[in-house]
Amino acid sequence: MRATHGWGEVSRERKREIIDAIVANRPTRGPVHAELDLTDRCNVACYFCNQQDLRTKESIPLPKLTDLIDELAAGGLKSVRLSGGGDPLFHRDVLNVMDHLAKRGVIVDNLTTNGLALTTEIARRLVDNKAREVIFSLNAVDAEDYARMMKVKPAIFDKILDNIRNLLALRGDSQYPSVSVQFLLDRKNAPRALAMYDLGRSLGPDRVAIGNVLEVPLDRVEQQVLLDRTDRDLLAPIIEELLRRDEGTGILDLEMSAPGLEDLVSVVRRRLGIAPPPHDASAPSFRPENGGCFFAWYTAAITGNGDIRPCCLLLNPNVKPLGNIHDGQTFAEHWNGPAFTKMRDEMREVLLMKSKATYSPKKFEILKPQCVIDGLCWLKNMYFRVDEEFYAELGRALDEARKSEVRLTGTAKQRHRAISLFVQERPMLKRSWDWSRERSRPLRVFLKTRLGIDVTDAV
């Protein structure tokens, strides 16, 4: 059973609570899922890691972790992801943490690790406690490329392969945990993608995931090493052979997320007549207009230094934490406090606006462009969009909410939403509007600087 970002552990009643809270603009009683980044300690320094600019040398002490788990479990926490700025298995008390999660009935939905510290004791707990998925960030096909990508001595590569095999042997015929081996492509290793697939398959996992290295904040990754639209001709035949090689096996999870490559896998699939994997499907009730993020009612990420973050994809210096678990407040006080409240307001605005809200830093103080603009974040609905009943109920609830909160005869804010949505849903009108906004820029600057009238966010 693969990880579902905790969704597989959520009851129908809790899902209805999330929907009711979105409509009523109030918090839920607590997160149902959480990412616990136990430590910032790591044995590798991956050049593509999106958390290196936040990494400290800190770890959350065991007493604080057990108190946090107790509080979250009392509020309805059902699952966690163990990941982090470091490797979670390098927390000195990771066995005790896993034991305490099991004691409180909290499932490890996902463990993401480079695998070096996955001892037999840890592997047995993952099997016995029915962890849902373990993802090994292998990323390279041999020791030499592993050393290049992870910035470590190549000798550990074979040890990690042995640890993957050991976990699979201990699991035996059980379905828990599902084991995934992940590879990442850049321009230097993309020609070896077929060898990556063959290596991954030879280990015997449930899934071999192949994707591309993504751009990270602060331009820390050299652009010339990243794949982009200019690499389509290079990648197309490789993708075709990967899909052919995987036919009849179905363990390949292949996705290209680089600019200009987003549709490449789908294009090749259609040409070959190969159906997409089941986890890429959407329920009939899912409508993109209702596909906005609802994490502020559902989950949170806690980093190794105690910072509380919106989600695992907003772990960078440009995003302020929502609080810190060491500041004397309970997690519930943070969950119900001003930062989470502001984030809920912003997420709710995107949902009311049918995922057509325009982004600006003034309008969205916590959310970033990928949270607001449709198609820029893969995480916001990928684990949930197969849920027919949830999206049917959410759709009905949002349709009713929009009747009262997106209208021309209401308050100024309600009128603003109605006008903005009217423009955004009509491409020709939107182009005309954008043209007029650009031409009127000098006038708008004058109105703001001389008269204090700000009309920059009219739509």
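The preceding data block contains the structure.
Conventions used here
- Residues numbered from 1 in each chain as written.
- Predicted model: local features only at pLDDT ≥ 70, side-chain atom pairs only at ≥ 80, totals over all residues.
- Heavy atoms only, no water.
- Helix = DSSP H or I, 4+ residues; strand = E, 2+ residues; numbered from the N terminus.
- Rg over C-alpha atoms; globule rule 2.2 N^0.38 Å.
- Buried < 20%, exposed > 50% of the residue type's maximum accessible area, 1.4 Å probe, protein only.
- Axes fitted to C-alpha atoms, helices over the stretch in contact; angles between N-to-C directions.
- Parallel < 35°, antiparallel > 145°, perpendicular 65-115°, else oblique.
- Left-handed = near helix turned anticlockwise from the far one by under 90°.
- Contact = heavy atoms within 4.5 Å.
- Nonpolar A, V, L, I, M, F, W, Y, C, P; charged D, E, K, R; others polar.
- Phe/Tyr/Trp six-rings, centres within 6.5 Å; stacked < 30°, edge-to-face > 60°.
- Lys NZ or Arg CZ within 6 Å of the ring centre and 35° of its normal.
- Pairing = 2+ DSSP bridges.
- Right-handed = clockwise from strand over helix to strand, strands pointing away.
- Core = buried A, V, L, I, M, F, W, Y, C linked by side-chain atoms within 4.5 Å.
- Arc of directions from axis to C-beta.

1. A look at the overall build of the chain
- If you tally the helices and strands in the chain, you get 17 helices and 10 strands.
- Its C-alpha radius of gyration of 23 Å places the chain within 12% of the 23 Å reference for a compact globule of 459 residues.
- For the chain, the spread of C-alpha atoms along the principal axes amounts to about 70 × 55 × 40 Å.
- Here the chain, with 459 residues, has 53% of them falling under the buried criterion.

2. Some points on unusual backbone geometry
- Cis rather than trans, the peptide bond between Tyr176 and Pro177 has omega equal to -10 degrees.
- Along the chain, Pro177 falls in the loop between helix H6 (156-171) and strand E5 (178-185).
- Unusually for a residue other than glycine, Lys130 sits at a positive phi of about 55 degrees.
- As for its placement among the helices and strands, Lys130 is situated in the loop between helix H4 (120-128) and strand E4 (133-139).
- The class for Lys130 is partly exposed, based on a relative accessible area of 46%.

3. Some details on the packing of helix H7 (residues 193-203) against helix H8 (residues 232-246)
- Packing of H7 against H8 leaves a shortest axis separation of 9 Å and a crossing angle of 25 degrees. Our classification of the angle between H7 and H8 gives roughly parallel. Crossing geometry of H7 relative to H8 is assigned as right-handed. Contacts between H7 and H8 pair Ala193, Leu194, Tyr197, Asp198 and Arg201 from the former with Ile238, Glu241, Leu242, Arg245 and Asp246 from the latter.

4. Some remarks on the packing of H4 against H6
- Viewed as axis vectors pointing N to C, H4 and H6 meet at an angle of 40 degrees, and their least axial separation amounts to 9 Å. When the interaxial angle is binned, H4 and H6 end up oblique. Handedness of the crossing formed by H4 with H6: right-handed. Contacts between H4 and H6 pair Thr120, Ala123, Arg124 and Val127 from the former with Asn166, Leu167, Leu170 and Arg171 from the latter.
- Of the residues in the contact of H4 with H6, the class split is four nonpolar, two polar and two charged.

5. Observations regarding the packing of aromatic side chains
- Applying the stated criterion across every chain yields a total of 19 aromatic pairs.
- Aromatic side chains Trp7 and Phe390 sit 4.9 Å apart centroid to centroid with 80 degrees between the ring planes, which places their arrangement in the edge-to-face category. Pair noted here: Trp7 is in the segment before helix H1 (12-24) and Phe390 is in helix H14 (residues 388-405), with a separation of 383 residues, a long-range link.
- The exposure class assigned to Trp7 is buried, which follows from its relative accessible area of 5%.
- Each residue in the set Trp7, Phe286, Phe294, Phe295, Tyr298, Tyr383, Phe384, Phe390 and Tyr391 is aromatic and connected to the rest through ring pairs, giving one cluster.
- Above the ring of Trp335, the side-chain terminus of Arg344 is found at 4.7 Å from the ring centroid.

6. A word on the pairing of strand E6 (residues 207-212)
- Among the six residues of E6, six are classified as buried, and the element is accordingly described as predominantly covered.
- Neither face of E6 is exposed, since Arg207, Ala209 and Gly211 on one face and Val208, Ile210 and Asn212 on the opposite face are all buried.
- Bridging between E5 and E6 involves six bridges; their strand directions are parallel. Within the sheet, the bridge partner assigned to Leu185 lies in E6 and is Asn212.
- The parallel pair E5 and E6 is bridged by H7, and the resulting crossover is right-handed.
- Relative to strand E7 (residues 252-254), E6 runs parallel, the two being bridged by three bridges.

7. Structural notes on the side chain of Thr303
- With respect to the element layout, Thr303 can be found in the loop between strand E8 (299-302) and strand E9 (307-309).
- Among residues more than four places away in sequence, those in contact with Thr303 are Asp37, Ile60, Arg309 and Leu315.

8. Concerning the nonpolar core
- Ranked by internal contacts, the top residues of the largest apolar core, which has 126 residues, are Leu118, Tyr146 and Phe294.
- Non-local contacts of Tyr146, meaning those with residues more than four positions away in its chain, are made with Val44, Asn114, Ser137, Leu138, Ala140, Lys151, Val152, Ile156, Phe157 and Ile160.

9. Thoughts on H4
- Residues of H4 that are buried: Ile122, Ala123, Leu126 and Val127. Summarising the axial view, the buried residues of H4 lie within an arc of 135 degrees, below the 170-degree limit, and thus occupy one face.
- Buried positions along H4 lie against helix H3 (94-103), strand E3 (107-113), E4 and H6.
- Of the residues flanking the end of H4, it is Lys130, one or two places downstream, whose phi is positive at about 55 degrees.

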